[in-house]
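Structure at a glance
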Amino acid sequence: MVGIVIVSHSKGLAEGVRELVVQMVQGKVSLAVAAGVDDPQNPLGTDAIQVYEAIASVYSEDGVLVLMDLGSALMSAEMALEFFPPEQQTKVHLCAAPLVEGAIAAAVAAASGSDMQRVLAEAQAALVPKATQLGAAINHPSSIITEEQLTHDIGAPEDASPTAEQITREIHLSVHNRLGLHARPAAKFVACATRFQSLIQVCNLTKSSGFVRADSINQVTMLGARQGHEIVITATGTDADEALAALQALVESHFGEDDISSESHPISPSPPLPPSSLKGIPASPGVAIAPSFQFKKTTVVWHHAAPIHVHEYHVENPETEWQRLQSALRIARQEIQALLTHSSIQIGDAEASIFDAHLLFLEDPILLETVQERIFALHLNAEAAWSAVIEEVASNYHQLEDPYLQERVADVVDVGQRILRILSGTPITTVDLSQPAILVACDLTPSDTASLDPTKVLGICITAGSATAHSAILARSLGIPAVVGLPSEILQVADGTLLSVDGETGNVWIEPEADTLAALEVKRHTQQTARQKALATAHQPCLTRDRHQMSVLANIGSIEDTQQALSMGAEGVGLLRTEFLYLHRTSAPSEEEQLTVYQAIAQLLGTHPLIIRTLDVGGDKPLPYLKMQPETNPFLGWRGIRFCLDRPQILQTQLRAILRASAGHQVKIMFPMIATVAEIQAAKAMLAEVQAELRQAGIPFDEKMEVGIMVEVPSAVAVAEQLAQEVDFFSLGTNDLSQYVMAADRTNPQVALLADALHPAVLRMIQQTVQAAHTAGIWVGLCGEVAADPLAAPILLGLGLDEVSLSPPAIGAFKEAIAQLTMAQAQAIATTALQQDSATKVREVVLNSHTISLFE
Ligand code: PEP
Ligand code: MG
């Protein structure tokens with residue numbers, strides 16, 4: 001049966017339509033609703049993910065018909081469509097029919113078993129009976145009254161006496177908020193105006209400006225309406241009164257901004273100067289000396305990137321260029337939407353709403369009409385037409401007297417460059433510096449960190465986080481020195497100030513003295529020499545003095561990491577964090593995309609093993625498009641295997657890709673966050689189903705592929721003997737295990753010292769897991785960050801681990817540490833460490849053992 005989806009700004013409206021439909025066809029219809037947004041203050045709106053889920057819930061081969069109310073509902077529906085694979089997209093039809101009449105007509109047709117073509121035709125003709133009854137003419141069932149027609153009707157009142165809808169209503173209002181109709185209020189104004197069907201215009205009476213269209217963000221902003229200015233709003237159409245009432249309420253509520261004090265308000269004193277050095281948590285070793293650069297989420301730093309150079313050329317087919325621009329606009333909307341969602345979680349709705357203005361900018365009808373005109377009239381390529389219009393808009397802003405509005409040029413340029421980047425096929429870079437710098441920020445997400453260029457970002461200073469937060473893990477694998485959990489004074493340091501960072505001690509110097517700089521240069525040199533020495537022997541097997549061997553593998557997140565891992569002495573990959581393939585995207589990677597990556601990594605590894613961990617999102621790795629609601633305790637919430645078992649489609653796709661990659665390669669699979677026997681049994685059952693499907697389809701895979709789990713939840717340690725019956729190997733995830741054993745959030749600098757994997761409480765858990773694994777006859781590894789600490793090496797060996805997997809740059813030092821020990825010495829150190837009562841004392845035990853010259 002054809003499915004039907006109702007998309008509306010209002011939940012009440014959508015539910016009302018559903019009620020009517022269900023009554024009409026006595027429930028015999030497959031119908032879903034995507035309406036309203038999850039914000040009790042502002043429940044009206046539409047959400048692409050919700051639309052996607054609604055379509056997916058009624059999707060079948062017969063197709064889905066989507067009916068929308070207006071404005072952003074269309075945009076959300078178009079965006080939702082992008083989340084489906086191309087073959088499914090063709091089965092989903094966005095229908096221009098009126099919501100109520102269209103839904104009923106479509107439902108009646110669908111319930112009687114009609115095909116999509118018929119259902120669509122019924123919906124599009126839905127207004128005909130009503131129009132006929134009222135004696136109104138409808139030329140074409142799906143006719144849409146264009147804006148030009150509406151404008152024309154309004155502009156021709158002398159032809160006939162005006163109907164109620166043709167009368168123009170008008171209100172005069174004063175603007176009271178401090179910065180007037182600047183970007184954010186203007187965005188709210190435009191968003192409010194576009195909710196109505198009436199033609200709405202606005203002028204700044206104080207500046208005697210002409211009237212401009214209220215649906216154009218640029219025109220509204222350029223009115224230059226400031227605090228104390230009088231504006232006039234006119235509305236013409238059936239809902240003119242409601243529109244003016246809504247706009248009046250918005251203006252009178254000062255656009256929801258708290259600060260309405262006058263500009264003559266005394267300027268607040270500048271913040272105190274930062275002290276000359278700060279102490280944080282060491283997160284990634286190494287010394288960096290460079291000017292600082294403050295990374296703020298609200299300003300994605302395109303203006304620091306080299307501007308994209310545009311070539312102008314003649315095109316034969318302007319329609320193709322226009323379509324290219326349309327698809328670039330769609331991608332840009334998705335990117336900005338993701339940025340908006342992310343920023344409102346990270347920095348609050350008020351700050352994030354600047355991205356609302358960016359979204360409206362992309363929808364500005366006047367801007368788009370001008371670009372379209374250029375493409376068609378001059379046969380120009382999309383880039384040239386777009387950038388010429390953007391330059392005009394930017395220069396219009398520049399010419400305004402108002403310094404605040406002049407600053408809006410940055411937003412115009414940002415949006416303009418975003419489209420040019422997409423048109424040129426350049427991938428997104430969150431931080432793009434023109435000069436090498438030390439990045440200073442409140443926080444960096446794993447996706448921010450993953451996109452950093454180590455040749456430009458020489459060091460990282462952040463106030464959030466801990467050494468096992470994923471951004472710190474990524475910094476280590478990129479080899480970028482990092483200090484996290486710094487005091488907030490670091491955020492007051494002006495851009496360009498010389499900083500030095502010691503990622504080993506957690507010290508940061510602001511404008512360091514000459515002798516500090518000299519000492520740090522010496523340290524940097526010593527570290528580099530030690531790294532090179534370790535690297536020289538890193539390709540040897542990891543052997544103790546009495547020739548006991550341990551496997552040393554690498555933790556990676558991409559194909560590029562594989563090359564680096566091999567060059568640094570990795571004997572395979574002990575942990576492929578597949579979630580990094582899911583970042584920087586607007587939808588989950590397809591089976592084929594994943595297969596390509598897994599096969600490429602396996603190919604590079606040759607006969608070395610590759611352990612692919614299934615998707616481990618949640619915690620500090622949320623993915624906006626997976627619609628994971630913010631949780632009070634994300635690390636105790638819906639993450640890892642819990643999420644995947646609830647979203648079987650995502651896991652099944654990944655399992656197919658992993659299994660297919662296993663053919664002819666040394667691939668093993670590992671499930672994260674297993675807390676119970678039931679979870680691993682459910683995961684294995686799903687794996688068996690997928691294996692059966694592949695077998696039936698004759699698709700090859702490794703029938704003997706090993707299956708393992710991460711042991712990172714205390715309950716898994718407690719029932720390790722039972723879990724060992726289910727799998728071929730364990731890998732201890734001490735990053736999570738430490739945070740759960742010590743009840744200390746791994747991203748919270750306040751408790752970072754507690755979540756220490758060398759605490760005897762965690763070491764005892766490791767010991768217990770190793771014993772359970774070996775009793776059951778399976779092997780056990782460890783892939784937590786603790787393995788990158790050379791002080792941990794003797795303990796991990798002494799506790800009996802068969803394998804470790806660590807950040808590639810740390811492999812050489814680990815092998816070097818092991819080479820200085822005998823097995824008996826390592827066991828003695830581990831036994832003594834287990835008897836201590838703190839991580840500090842455990843470290844002293846290793847340092848005092850005098851077995852390892854490296855630590856002396
Ligand atoms: C761990 O928890 O130790 C681990 C290796 O996994 P992740 O850091 O990705 O959570
Ligand atoms: Mg983990």
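Okay, so let's go over this structure. Treat the numbers as computed from the prediction; the structure is a model and nothing was measured.

Some remarks on the overall build of the protein
A count of helices and strands for the protein gives 34 helices and 25 strands. By the burial criterion, 52% of the 856 residues in the protein qualify as buried. Put simply, 72% of the contacts in the protein that link residues at least 6 apart link residues at least 24 apart. Surface exposure of the protein reaches about 36600 Å², of which carbon and sulfur atoms provide 54%.

A look at the sheet that holds strand 1 (residues 3-8)
Strand pairing in a sheet relies on backbone hydrogen bonds. The paired strands run either parallel or antiparallel. Across the sheet, which stays open at both edges, the four strands sit in the order 2-1-3-4 with parallel pairing between neighbours. Both outer strands of the open sheet, strand 2 (31-35) and strand 4 (92-95), are each paired with one neighbouring strand and no more. This sheet shows a mean twist of 20° between the axes of neighbouring strands, independent of strand direction. Pairing of strand 3 (residues 64-68) with strand 4, which is carried by four bridges, proceeds in the parallel orientation. Note that in strand 4 the partner of Leu65 across the bridge is His93. Packing of helix 1 (residues 11-24) onto the sheet brings it into contact with strand 1 and strand 2, and relative to strand 2 it is tilted by some 165°. In the packing of helix 5 (residues 99-111) onto the sheet, the strands contacted are strand 1 and strand 3, and the crossing angle to strand 1 comes to about 170°.

Overview of the site of ligand 1
If you check the shell around ligand 1, you find 17 residues, and the closest are His470, Arg577, Arg613, Asn735 and Arg746. In this structure, Glu712 approaches ligand 1 through a side-chain N or O atom, which is 3.0 Å from an oxygen atom. Measuring from an oxygen atom of ligand 1, one finds a side-chain N or O atom of Asp736 at 2.9 Å. Protein burial of ligand 1: of its 290 Å² of free accessible surface, 100% is covered by the chains. Taken together, the elements giving at least two residues each to the shell around ligand 1 come down to helix 20 (470-478), strand 19 (573-577) and helix 29 (734-742). With three residues, helix 29 is the largest single contributor of residues to the shell around ligand 1. Its residues placed into classes, the shell around ligand 1 shows four nonpolar, five polar and eight charged.

Things to note about the nonpolar core
Core analysis: the largest hydrophobic core is formed by 115 residues, its most contacted members being Phe671, Phe730, Ile795 and Phe814. When near neighbours in sequence (up to four residues on either side) are disregarded, Phe671 contacts Thr614, Ile641, Leu655, Ile680, Ala683, Val707, Gly708, Ile709 and Met710. Judged by nonpolar contacts, the second largest core, of 67 residues, contains Ile200, Ala214, Ala328 and Leu420.

Quick word on the packing of aromatic side chains
The description of two aromatic rings rests on the distance between their centres and on the angle between their planes. Per the stated rule, a full pass over the model turns up four aromatic pairs. On the basis of an interplanar angle of 70° and a centroid distance of 4.8 Å, the ring pair of Trp638 and Phe643 is categorised as edge-to-face. On the basis of relative accessibility, which here comes to 27%, the residue Trp638 falls in the partly exposed class. Put simply, the rings of Tyr52, Tyr59 and Phe84 pair up and form one aromatic cluster.

Examining the coordination of the magnesium ion (ligand 2)
Protein coordination at the magnesium ion (ligand 2) comes from Glu712 (OE) and Asp736 (OD), with a distance range of 2.0 to 2.1 Å. Linking Glu712 in the loop between strand 22 (707-711) and helix 27 (714-718) with Asp736 in helix 29, this pair joins segments that are 24 residues apart in sequence. By relative accessible area, Glu712 is classed as buried at 2%. Residue Asp736 is classed as buried on the basis of its relative accessible area, which comes to 2%.

A short note on helix 16 (residues 382-399)
Compared with an ideal rise of 1.5 Å per residue, which puts 18 residues at 26 Å, helix 16 spans 26 Å between its outermost C-alpha atoms and is within 8% of the ideal. Residues Ala382, Glu383, Ala384, Ala385, Trp386, Ser387, Val389, Ile390, Val393, Ala394 and Tyr397 constitute the buried set of helix 16.

Looking at the pattern of salt bridges
Using the criterion set out here, one finds 29 salt bridges in the structure. Notably, a salt bridge pairs Arg476 with Glu785, separated by 2.7 Å at the nearest N-O pair. Of this pair, Arg476 sits in helix 20 while Glu785 sits in the loop between strand 24 (779-782) and helix 31 (793-798); the two residues are 309 residues apart in sequence, bridging distant segments of the chain. Here Arg476 matches Glu785 in class, with each residue buried. Here the residues in one salt-bridge network are Glu579, Arg613, Asp616, Arg639, Asp736 and Arg746, joined through shared partners.

Topic: the packing of helix 25 (residues 648-662) against helix 26 (residues 677-697)
Contact pair helix 25 / helix 26: the axes reach a minimum separation of 10 Å and the direction vectors enclose 55°. Here helix 25 lies oblique to helix 26, going by the angle between them. Crossing of helix 25 over helix 26 shows right-handed handedness. On helix 26, the residues touching Pro648, Leu651, Gln652, Leu655, Arg656, Leu659 and Arg660 of helix 25 are Met686, Leu687, Glu689, Val690, Gln691, Glu693 and Leu694. Here the residues of the contact of helix 25 with helix 26 sort into eight nonpolar, two polar and four charged.

Overview of the environment of Ala186
Position of Ala186 relative to the elements: it lies in helix 9 (residues 183-193). Separated by 171 residues in sequence, Ala186 and Ala357 place their C-alpha atoms 7.6 Å apart. Sequence-distant contacts of Ala186, defined by excluding residues within four places in its chain, comprise Leu181, Ile217, Val220 and Thr221.

Digging into the packing of helix 16 against helix 18 (residues 409-424)
Interhelical geometry of helix 16 versus helix 18 gives an angle of 175° and a closest axis separation of 9 Å. Between helix 16 and helix 18, the interaxial angle falls into the category roughly antiparallel. Every residue of helix 18 that contacts helix 16 at Ala382, Glu383, Trp386, Ser387, Ile390, Val393, Ala394, Tyr397 and His398 is listed here: Val409, Val412, Val415, Gly416, Ile419, Leu420 and Leu423.

Comments concerning the side chain of Asn735
Secondary-structure assignment places Asn735 in helix 29. Within the structure, the side chain of Asn735 is placed 2.8 Å from the backbone nitrogen of Glu785, a separation counted as a polar contact. When near neighbours in sequence (up to four residues on either side) are disregarded, Asn735 contacts Thr468, Ile473, Arg577, Arg746, Gly784 and Glu785.

Section: the sheet that holds strand 14 (residues 482-484)
Strand order in this open sheet of eight strands is 9-16-15-11-12-13-14-10, and the pairing throughout is mixed. What marks the edges here is a single partner per strand, and that holds for strand 9 (277-279) and strand 10 (281-284). Going from strand to strand, the sheet's axes swing by 30° on average, the running direction of each strand aside. Pairing between strand 9 and strand 16 (residues 507-510): three bridges, direction antiparallel. Counted as the bridge partner of Ser277 is Trp509 from strand 16. Across the sheet, helix 20 lies against strand 10, strand 13 (457-462) and strand 14, angled at about 50° from strand 10, the strand it touches most. The strands that helix 21 (residues 514-537) touches are strand 11 (287-294), strand 15 (498-502) and strand 16; relative to strand 11, the one it contacts most, it runs at about 120°.

Rules behind the numbers
Residues numbered from 1 in each chain as written. Chains lettered and ligands numbered in written order. Predicted model: local features only at pLDDT ≥ 70, side-chain atom pairs only at ≥ 80, totals over all residues. Heavy atoms only, no water. Helix = DSSP H or I, 4+ residues; strand = E, 2+ residues; numbered from the N terminus. Buried < 20%, exposed > 50% of the residue type's maximum accessible area, 1.4 Å probe, protein only. Contact = heavy atoms within 4.5 Å. Areas by Shrake-Rupley, 256 points an atom, 1.4 Å probe, with all protein chains shown as cover. Pairing = 2+ DSSP bridges. Axes fitted to C-alpha atoms, helices over the stretch in contact; angles between N-to-C directions. Near = heavy atom within 4 Å. Polar contact = N/O pair within 3.5 Å; in protein donor to acceptor, adjacent residues only side chain to side chain. Nonpolar A, V, L, I, M, F, W, Y, C, P; charged D, E, K, R; others polar. Core = buried A, V, L, I, M, F, W, Y, C linked by side-chain atoms within 4.5 Å. Phe/Tyr/Trp six-rings, centres within 6.5 Å; stacked < 30°, edge-to-face > 60°. Donors = N, O, S within 2.8 Å, 3.2 Å for Na, K, Ca; no water. Expected span 1.5 Å × (residues − 1). Salt bridge = Lys/Arg side-chain N within 4 Å of Asp/Glu carboxyl O. Parallel < 35°, antiparallel > 145°, perpendicular 65-115°, else oblique. Left-handed = near helix turned anticlockwise from the far one by under 90°.

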